[in-house]
Amino acid sequence: MLIIVNVLLTILMTWFTMAIYPEIPSSGFITLLIFLGWNFIFWLILFFYDKKAFHKSRKIGGLIIFYLKELLLASVKVAYDVITPKDHMEPAIIAVPLEVNTDLEITLLANFITLTPGTLSIDISEDRKTLYIHEVYVKGKDKERVRRLIKEGFEKKILNITR
């Protein structure tokens, strides 16, 4: 039944595409390519419909938006520090206890931290329970605030996606 629905939708969308864009040459080859393209799209939708990744796309989008926000804020902070004469950096190495435990989760967390300006993942402990990071802006040596921001930010969002 799904195959019939897929073929009918593909025929409908091919006709619709050809009707909406009359400047497309209506040769058989072009029509076949459009048909195959729509068919491929509908097969992908059917394939991913019951998959976890499809249902977690909102959470993945949320992680991307969160990262872009952190990237923007950190970039502004670093740029401000570069263009002002006073040095605002208070660097520290911080041990962050981890709830993530798979290779994928640890890699994602370490990469998101490293890709954010002003932070760098340095190492992970032998037991894989602690991630050591270098943070450039630790106000008043408040390492707990940095730990909390990482755990409630990146780590929580990564865990929401992977578990």
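Data block above holds the structure.
Residues numbered from 1 in each chain as written. Predicted model: local features only at pLDDT ≥ 70, side-chain atom pairs only at ≥ 80, totals over all residues. Heavy atoms only, no water.

Before going further, it helps to spend a moment on the overall build of the chain. Counting its secondary structure elements, the chain contains six helices and three strands. Reading the secondary structure of the chain in the N-to-C direction produces α-α-α-α-β-α-β-β-α. Taken over C-alpha atoms, the radius of gyration comes to 24 Å for the chain, far larger than the 15 Å a tight globule of 163 residues would show. Referenced to the eigenvectors of the C-alpha coordinate spread, the extents of the chain come out at roughly 70 × 40 × 20 Å. The 163 residues of the chain split such that 28% are buried. Across the chain, the fraction of contacts at a sequence separation of at least 24, relative to all contacts at a separation of at least 6, is 67%. Entry remark: accessible area of the chain is about 11100 Å², with carbon and sulfur atoms responsible for 70%. Averaging the locations of the 20 positively and 17 negatively charged side chains of the chain gives two centres separated by 5 Å. (Helix = DSSP H or I, 4+ residues; strand = E, 2+ residues; numbered from the N terminus. Rg over C-alpha atoms; globule rule 2.2 N^0.38 Å. Buried < 20%, exposed > 50% of the residue type's maximum accessible area, 1.4 Å probe, protein only. Contact = heavy atoms within 4.5 Å. Areas by Shrake-Rupley, 256 points an atom, 1.4 Å probe, with all protein chains shown as cover. Lys, Arg positive; Asp, Glu negative; His and termini not counted. Charge placed at Lys NZ, Arg CZ, Asp CG, Glu CD.)

Here we come to the sheet that holds strand β2 (residues 119-124). The strands making up a sheet associate through hydrogen bonds between their backbones, and the pairing can be parallel or antiparallel. With respect to topology, three strands assemble into an open sheet ordered β1-β3-β2, the strand pairing being antiparallel. Looking at strand neighbours, the two that pair on one side only are β1 (92-97) and β2, the edges of this open sheet. Taken pair by pair, the neighbouring strands of this sheet meet at an average axis angle of 30 degrees, ignoring direction. By the bridge criterion, five bridges tie β2 to strand β3 (residues 130-135) in an arrangement that is antiparallel. Pairing of Thr 119 across the sheet is with Glu 135, part of β3. Packed onto the sheet, helix α5 (residues 103-115) meets β2 and β3 and runs at close to 145 degrees relative to β2. Of the strands in this sheet, β1 and β3 are in contact with helix α6 (residues 143-162), which crosses β1 at around 50 degrees. (Pairing = 2+ DSSP bridges. Axes fitted to C-alpha atoms, helices over the stretch in contact; angles between N-to-C directions.)

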